[in-house]
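Structure assessment
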Amino acid sequence: HPFDRALRPLPLTQHKRVWALYLKFARQYNLPETAIRVYRRYVKLCPEDSEEFVEYLSSIGRLDEAAVKMMEILNNEEFVSKQGKSKHQLWQDLCHLVSKNPDKVTSVNVDAILRGGLRRFTDMAGQLWCLLSDYYIRAGHFEKARDVYEEAIQTLTTVRDFGQVFDAYAQFEESMINSKMESISESSKDEDLDLELRLARFEVLMDRRPLLLSSVLLRQNPHNVHEWQKRVALFEGKPREVINMYTEAIQTVDVQQAVGKPHALWVAFAKFYEENGQIAEACVVFEKATKVKFRNVEDLATVWCEYAEMELRHDNFSRALQLLQRATAMPAHRAEYYDKSVPVQNRLYKSLRVWSMYADLEESLGSFESTKAVYNRIIDLRIATPQIVINFGLFLEENDYYEEAFKAYERGVALFKWPHVYDIWNTYLAKFIRRYGGRKLERARDLFEQCLESCPAKFAKAIYLLYAKLEEDHGLARHAMAIYERATKAVPLEEQFEMFTLYVKKAADLFGVTHTREIYEKAIEILPDKGSRDMCVHYAQLETKLGEIDRARAVYGHGSQMSDPRTNPSYWKTWQQFEVRHGNEDTFREMLRIKRSVQAQYNTQVNFMSAQMLTTSSKNFESTRESVDEMQLLEEQADKIAQEAKQDRE
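We now turn to the structure provided with this report.

Parameters and conventions
Residues numbered from 1 in each chain as written. Predicted model: local features only at pLDDT ≥ 70, side-chain atom pairs only at ≥ 80, totals over all residues. Heavy atoms only, no water. Helix = DSSP H or I, 4+ residues; strand = E, 2+ residues; numbered from the N terminus. Buried < 20%, exposed > 50% of the residue type's maximum accessible area, 1.4 Å probe, protein only. Contact = heavy atoms within 4.5 Å. Axes fitted to C-alpha atoms, helices over the stretch in contact; angles between N-to-C directions. Parallel < 35°, antiparallel > 145°, perpendicular 65-115°, else oblique. Left-handed = near helix turned anticlockwise from the far one by under 90°. Nonpolar A, V, L, I, M, F, W, Y, C, P; charged D, E, K, R; others polar. Phe/Tyr/Trp six-rings, centres within 6.5 Å; stacked < 30°, edge-to-face > 60°. Salt bridge = Lys/Arg side-chain N within 4 Å of Asp/Glu carboxyl O. Expected span 1.5 Å × (residues − 1). Polar contact = N/O pair within 3.5 Å; in protein donor to acceptor, adjacent residues only side chain to side chain. Core = buried A, V, L, I, M, F, W, Y, C linked by side-chain atoms within 4.5 Å.

When you go through the chain residue by residue, the secondary structure sums to 31 helices and zero strands. With 650 residues in all, the chain has 42% of them scored as buried. Of the contacts formed within the chain by residues at least 6 apart in sequence, a portion of 53% connects residues at least 24 apart.

Next comes the structure, spelled out in structure tokens:
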């Protein structure tokens with residue numbers, strides 16, 4: 001052939017010129033065998049053009065040889081695609097080729113190729129399983145295809161892949177049913193049974209979907225407690241399956257790696273037995289749960305509390321008390337509550353949740369001494385809360401042990417600091433006053449002084465009011481006044497006006513209104529402008545009632561110095577009404593003169609601030625302008641020097 005004769009004498013460097021024409025000639029005529037032989041010779045010389053050979057084989061239907069050639073390309077580590085395809089894309093092309101043409105591709109093991117891809121490309125698992133099943137469906141091996149689908153949905157680990165495979169599986173079963181219905185010509189018993197079998201298989205598949213999806217999620221993380229609980233709920237109404245699921249869950253979930261609350265599985269398992277009347281089995285589950293090494297003490301505490309509550313629901317009160325005694329027993333090796341290196345069983349004795357339930361049960365079912373011992377033990381372990389201390393005191397008080405109740409409050413006060421101790425002090429002082437009244441006045445005073453010694457301003461008001469009430473009812477009035485005066489200095493700034501108002505009212509009730517003048521003057525001096533202004537109005541109204549018009553006018557005049565007419569018109573309106581009722585033309589003019597002077601004073605202050613702002617801005621502007629002028633002078637000097645130098649050169 002001329003092309004062969006042309007290739008023989010030419011060096012290899014010039015063969016490409018001939019091969020381009022040779023390949024064009026081979027493809028031009030419908031002689032596939034000749035073209036294939038030409039391509040085989042060509043790819044030996046230029047293996048980088050193997051993709052072109054594969055495309056030609058695919059175009060003429062020689063898919064078996066195309067698949068073999070693609071496998072050779074993939075096995076060649078040095079091959080680089082001229083079309084820019086990656087190894088992954090080439091491998092995908094091979095998978096699609098072999099899976100869609102099972103009758104034409106016989107020289108390669110399609111099952112091994114696709115399963116190898118499943119091990120290598122895990123992100124394409126759903127697509128590859130569908131291709132493998134499609135291969136068997138096209139080959140007519142329907143049972144094998146069904147086995148592949150079942151294997152896929154039992155091994156997939158992502159919801160996306162599962163959805164893809166399950167939809168393909170359901171579509172396959174539906175198509176099998178449709179084809180069977182179309183093929184039935186006459187009703188026969190065997191064909192009807194086959195159709196019913198296929199319909200039943202399809203229904204079972206659809207019913208299994210939630211369970212299969214749950215399996216996928218648990219394969220992602222077998223320690224997910226929430227997913228196990230959802231899985232158990234799928235078997236509602238099937239006791240045997242529920243028990244098996246709970247058993248599998250508690251055996252599978254590692255409490256150290258669990259997502260969620262692992263103790264919830266044990267509790268739910270025991271409650272399932274309880275709901276079905278099997279109390280003994282529920283107790284067995286709880287007993288096993290108490291030996292599990294949970295991550296947190298609270299998990300184990302919840303198990304013990306649920307165990308005791310189950311016994312209470314079935315009226316086994318003594319059994320519930322025994323359980324809580326076991327839970328709160330001192331371990332052989334003591335440990336701190338937050339010491340993670342020690343098992344939770346050795347730290348349970350410091351769980352407030354268990355002790356609180358134990359105290360409630362003892363209070364309801366036990367004796368006075370046993371309940372008192374439990375509360376004392378809680379305080380000794382230093383795990384009590386302010387509410388526990390208050391409950392202890394109330395329990396002792398209900399049993400007429402008042403002094404012991406006060407001792408319990410004292411222990412609580414020593415145990416906590418502010419602000420947590422506020423509720424204990426409040427309860428303690430109120431109970432003490434109610435019990436003894438004025439019989440132990442000095443002791444009550446000592447308690448109040450002890451409380452107020454370190455009391456923050458935020459909580460001082462209630463304590464001072466209680467202290468003053470004690471002195472009013474059982475002590476001396478002057479002591480009460482002294483306490484109110486201390487309170488006006490101890491409370492926060494926003495509560496001072498209210499406290500002064502109360503102080504004035506009490507002073508008026510106890511000593512008469514004339515005694516309030518000193519208080520008003522002190523309040524006006526101490527309070528901020530707004531409070532002083534309001535206090536001036538009250539003071540002036542008091543003097544007016546007493547007929548001291550000149551004193552009232554002087555008070556209004558004092559308050560006017562802190563009342564801007566533009567922002568506080570109500571103050572000036574009140575003074576104006578006062579002058580209309582009690583003044584004359586001269587006093588009214590004097591009020592107007594003061595108003596103008598105060599307004600001028602405030603205007604001067606505003607103008608002064610504005611002038612300062614304007615002066616500052618003008619200085620900044622002048623400095624900026626000066627810097628600009630200096631730069632302009634420098635530029636002019638530079639230009640002048642440059643011109644002189646140019647003239648010298650010329």
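Another point: the packing of helix 13 (residues 239–252) against helix 14 (residues 263–275). Contact geometry of helix 13 with helix 14 gives a least axis separation of 10 Å together with a crossing angle of 155°. When the interaxial angle is binned, helix 13 and helix 14 end up roughly antiparallel. As for how helix 13 packs across helix 14, the hand of that crossing is left-handed. Contacts between helix 13 and helix 14 involve Pro-239, Val-242, Ile-243, Tyr-246, Thr-247, Ala-249 and Ile-250 from the former and Leu-265, Trp-266, Ala-268, Phe-269, Phe-272 and Tyr-273 from the latter. When the residues that make up the contact of helix 13 with helix 14 are grouped by side-chain class, the tally is twelve nonpolar, one polar and no charged.

Attention now goes to the packing of aromatic side chains. With the rule as written, the count across this model stands at 25 aromatic pairs. Judged by centre distance (5.0 Å) and plane angle (15°), the rings of Phe-286 and Tyr-307 are stacked. Taken together, the residues span a long stretch of sequence, with Phe-286 in helix 15 (residues 279–289) and Tyr-307 in helix 16 (residues 297–313) at a distance of 21 residues. Accessibility assignment for this pair places Phe-286 and Tyr-307 in one class, buried.

The subject of this paragraph is the pattern of salt bridges. Enumeration according to the criterion identifies 25 salt bridges in this entry. Between Glu-404 and Lys-372 there is a salt bridge; the shortest N-O distance is 2.6 Å. With a gap of 32 residues between them, Glu-404 in helix 21 (residues 402–415) and Lys-372 in helix 19 (residues 368–380) connect regions that are remote in the sequence. A relative accessible area of 26% means that Glu-404 is categorised as partly exposed. Glu-472 is the salt-bridge partner of Lys-506, the closest N and O atoms lying 3.5 Å from each other. Taken as a pair, Lys-506 in helix 26 (residues 493–511) and Glu-472 in helix 24 (residues 457–474) lie far apart in primary sequence, 34 residues in all. What makes Glu-472 partly exposed here is its relative accessible area of 25%.

Attention now goes to helix 14. Its 13 residues place the ends of helix 14 18 Å apart at the C-alpha level, agreeing with the 18 Å of an ideal helix rising 1.5 Å per residue. His-263, Leu-265, Trp-266, Val-267, Phe-269, Ala-270, Phe-272, Tyr-273 and Glu-274 are the residues of helix 14 that are buried. Phi turns positive, to about 80°, at Gly-277, one or two residues after helix 14.

Here we come to the environment of Ile-433. The residue Ile-433 is located in helix 22 (residues 422–436) in this model. Judged by its relative accessible area of 18%, Ile-433 is buried. In the structure, Ile-433 is positioned 33 residues away from Leu-466 in sequence and 9.3 Å away in space, judged by C-alpha atoms. Excluding its chain neighbours within four sequence positions, the residues that come into contact with Ile-433 are Phe-448, Leu-466 and Leu-470.

Moving on to the side chain of Thr-427. Tracing the chain through its elements places Thr-427 in helix 22. Here the side chain of Thr-427 touches Asp-423 through a polar contact of 2.8 Å, landing on its backbone oxygen. Residues contacting Thr-427, with those up to four places away along its chain left out, are Ile-390 and Tyr-409.

On to the environment of Phe-79. Within the element layout of this structure, Phe-79 appears in the loop between helix 5 (63–75) and helix 6 (87–100). Note on Phe-79: relative accessible area 10%, which makes it buried. Taking the C-alpha atoms as reference points, Phe-79 and Glu-48, separated by 31 residues in sequence, lie 6.6 Å from one another.

Moving on, we come to the nonpolar core. Counting residues in each nonpolar core, the largest one holds 128 residues, and the members touching the most others are Phe-294, Leu-348, Ile-378, Trp-418, Ile-424 and Trp-425. Per-element tally for this core: the top contributor is helix 16, with nine residues. Ignoring anything within four residues of it in the chain, the contact list for Trp-418 reads Trp-425, Cys-451, Ser-454, Cys-455, Pro-456 and Phe-459. By size, the runner-up hydrophobic cluster in this structure holds 42 residues, among which are Leu-63, Ala-152, Phe-162 and Ala-170.

Our focus in this paragraph is the packing of helix 12 (residues 225–233) against helix 13. Packing of helix 12 against helix 13 brings their axes to within 9 Å, and their N-to-C directions diverge by 170°. With respect to their mutual orientation, helix 12 and helix 13 come out roughly antiparallel. The handedness of the crossing between helix 12 and helix 13 is right-handed. Where helix 12 approaches helix 13, its residues Trp-228, Arg-231 and Val-232 are matched on the opposing element by Val-242, Met-245, Tyr-246, Glu-248, Ala-249 and Thr-252. Residue composition of the contact of helix 12 with helix 13, grouped by class: six nonpolar, one polar and two charged.

On to unusual backbone geometry. If a residue is not glycine, its phi is most likely negative; likewise, a peptide bond is most likely trans. Between Trp-418 and Pro-419 the backbone carries a cis peptide bond, its omega angle lying at 5°. Here Pro-419 lies in the loop between helix 21 and helix 22. You will see that Asp-315, though not glycine, has its phi angle at about 60°, which is positive. Structurally, Asp-315 is set in the loop between helix 16 and helix 17 (317–328). The backbone of Asp-400 shows a phi angle near 70°, a positive value even though the residue is not glycine.

Looking at the element boundaries, Glu-397 is found in helix 20 (residues 386–398). For Glu-397, the residues in contact, after removing those within four places along its chain, are Tyr-402, Ala-405 and Lys-431.

Before going further, it helps to spend a moment on helix 24. Taking 1.5 Å of rise per residue, 18 residues should cover 26 Å, and helix 24 covers 26 Å from first to last C-alpha, within 8% of that figure. Listing the buried residues of helix 24 in full gives Phe-459, Ala-460, Ile-463, Tyr-464, Tyr-467, Ala-468, Leu-470 and Glu-471. Along its buried surface, helix 24 packs onto helix 22, helix 23 (441–453) and helix 25 (477–490).

By the secondary structure assignment, Cys-95 is in helix 6. Linking Cys-95 and Leu-131, residues 36 residues apart in sequence, is a C-alpha distance of 7.5 Å. In contact with Cys-95, not counting residues within four places along its chain, are Leu-114, Leu-128 and Leu-131.

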